Amino acid sequence: MLWNSDEIDELIRGALAEDLGPGDATCMATIPATATAHARIVAKAPLVCAGLPIAERVFRTLDPNIAVRLLASDGDVVEKGRELAQTHGRARAILSGERTALNFLAHLSGIATLTHRFVERLEGTSAKIRDTRKTTPGLRLLEKYAVRMGGGTNHRIGLYDAILLKENHIALAGGVKAALDQAHAYACLQMKPQETTAYEATAGPRSNATNASLPIQIEVRNECELQEALSAGAESVLLDNMSPEEARRCVQLARRVKRDSVVEISGGINLDNARAYAETGADFLSSGALTHSAPAADLSLLVDILKET
């Protein structure tokens, strides 16, 4: 992530403006403008860190001279009681930025922590967990970054970097073969050099740009639709809302027809059933819950020293 980008700065300014309005009334009433403070951010439960750099930038936005020491890195698995960061600077800046900084950090660390739990469930299988577009408006890149910090992978970033043919697209296009034919024709026309893969666009540039077309994936709901899609040239299929037993049969069918086909399973994937789906032999499991239902990580900011100057 480019933490010093205009987009991140704009996001932080908007979040602070939403919280502070014309000013922090409580701080202005009780904390001298010249007072300084030392504070620390502490994990109140085990978690996977994500968002420490944006939390730091929140405080620096309010006090450019503040000292911030990060004691952990994004992607670290930390235990309850671990200090994640220390700050020293203007007391009003620390207290006024506390909630905004913790909101970003708790939300993103919550996503990373839940993703990590999925990764643990899938250990020993060939399947990887990845996210969806079910993200908070305006926070997609941050949330997908948090998924990576938890050990997951990213699906397409938006509607622009991959083609995913779903039920309604197929119906309006005139069927599976017609939809795939039209998608392949469009993708060829859009072929151009690109520096990032469609599904990992937020992970950073590749070493060498190559000519690449938009990836094409098609959703299927049963073996019949899968057979039709594979016969029509599908190379990547999304098995939607199937039981583990149904998914296993479809994965076996896909491997028989096209050994190197990419198979993803989606729909109702959770921590309780993820292992069963992973053991079908699928390449990916995708879950919107990673970003839309991850509980916030439990964090606290504690002020140790307050000094008037």
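Residues numbered from 1 in each chain as written. Predicted model: local features only at pLDDT ≥ 70, side-chain atom pairs only at ≥ 80, totals over all residues. Heavy atoms only, no water.

Undergrad: Would you mind showing me how to read the overall build of the protein here?
TA: Regarding its fold elements, the protein presents 11 helices and 14 strands. Residues counted as buried form 48% of the 309 residues belonging to the protein. Accessible surface, the protein as shown: approximately 15,100 Å² in total, 51% of it carbon and sulfur. Treating the 34 positive side-chain charges of the protein as one cloud and the 39 negative ones as another, the clouds have centres 2 Å apart. (Helix = DSSP H or I, 4+ residues; strand = E, 2+ residues; numbered from the N terminus. Buried < 20%, exposed > 50% of the residue type's maximum accessible area, 1.4 Å probe, protein only. Areas by Shrake-Rupley, 256 points an atom, 1.4 Å probe, with all protein chains shown as cover. Lys, Arg positive; Asp, Glu negative; His and termini not counted. Charge placed at Lys NZ, Arg CZ, Asp CG, Glu CD.)

Undergrad: Would you mind showing me how to read helix H7 (residues 176-189) here?
TA: Since one α-helical turn is 3.6 residues long, residues separated by three or four positions face the same way. The end-to-end C-alpha separation of H7 is 20 Å, in line with the 20 Å expected for 14 residues at 1.5 Å each. Three or more residues of H7 are buried, namely Val 176, Ala 179, Leu 180, Ala 183 and Ala 187. Axial view of H7: buried residues confined to an arc of 95°, hence all on one face. Turned more than 90 degrees away from the buried face of H7, the exposed residues are Cys 188 and Leu 189. (Expected span 1.5 Å × (residues − 1). Arc of directions from axis to C-beta.)

Undergrad: Got a minute to help me understand the confidence of the model for the protein in this structure?
TA: Mean pLDDT for the protein: 93, with 94% of residues reaching 70 or above. Taken as a whole, residues 195-209 scores under 50 in pLDDT and shows 35 contacts with residues more than four places along the chain or in a different chain. (pLDDT = per-residue confidence, 0-100. Contact = heavy atoms within 4.5 Å.)

Undergrad: Would you mind going over the sheet that holds strand E1 (residues 36-43) with me for this structure?
TA: The pairing of strands in a sheet happens through backbone hydrogen bonds and is either parallel or antiparallel. Strand order in the open sheet formed by four strands is E3-E5-E1-E14, with antiparallel pairing between adjacent strands. A strand with exactly one partner marks an edge of an open sheet, and here the two such strands are strand E3 (67-70) and strand E14 (299-307). Going from strand to strand, the sheet's axes swing by 15° on average, the running direction of each strand aside. Two elements, E1 and E14, share eight bridges in a ladder whose sense is antiparallel. Considered in E14, the bridge of Ala 37 is made with Leu 306. Against the sheet, helix H3 (residues 52-62) makes contact with E1, E3, strand E5 (83-90) and E14, and its axis sits at roughly 175° relative to E3, the strand it touches most. Here helix H4 (residues 91-122) sits on the sheet in contact with E1, E5 and E14, set at roughly 170° to E14. (Pairing = 2+ DSSP bridges. Axes fitted to C-alpha atoms, helices over the stretch in contact; angles between N-to-C directions.)

Undergrad: Sorry, what's going on with the packing of aromatic side chains here?
TA: Each aromatic ring pair is specified by the distance between its two centres and by the angle formed by the two planes. Evaluation of the coordinates by the stated rule reveals one aromatic pair. Here the aromatic rings of Trp 3 and Tyr 145 are separated by 5.2 Å at their centres, their planes lie at 85°, and the arrangement is edge-to-face. Placement of Trp 3 in the segment before helix H1 (6-20) and of Tyr 145 in helix H5 (residues 140-149) is noted, with a sequence separation of 142 residues between them. Residue Tyr 145 is classed as buried on the basis of its relative accessible area of 8%. Its guanidinium or amino end placed over the ring of Phe 284, Arg 130 lies 3.8 Å from that ring's centre, counting from NZ or CZ. (Phe/Tyr/Trp six-rings, centres within 6.5 Å; stacked < 30°, edge-to-face > 60°. Lys NZ or Arg CZ within 6 Å of the ring centre and 35° of its normal.)

Undergrad: Explain the pattern of salt bridges here, please?
TA: Any two side chains of opposite charge can pair, on the condition that their charged atoms come close. Applying the stated criterion across every chain, the model contains 14 salt bridges. Among the ionic pairs, Glu 223 bridges to Arg 249, the shortest N-O distance being 3.1 Å. One end of the pair, Glu 223, is in helix H8 (residues 223-231); the other, Arg 249, is in helix H9 (residues 244-257), with 26 residues separating them in the sequence. Overall, the relative accessible area of 35% leaves Glu 223 in the partly exposed class. By relative accessible area, Arg 249 is classed as partly exposed at 40%. Here Asp 283 and Arg 255 are joined by a salt bridge, their closest N and O atoms 3.1 Å apart. Within this pair, whereas Asp 283 is found in the loop between helix H10 (274-278) and strand E13 (284-286), its partner Arg 255 is found in helix H9, the two being separated by 28 residues in sequence. Its relative accessible area of 22% is what places Arg 255 among the partly exposed residues. Here the residues in one salt-bridge network are Arg 40, Glu 83 and Asp 304, joined through shared partners. (Salt bridge = Lys/Arg side-chain N within 4 Å of Asp/Glu carboxyl O.)

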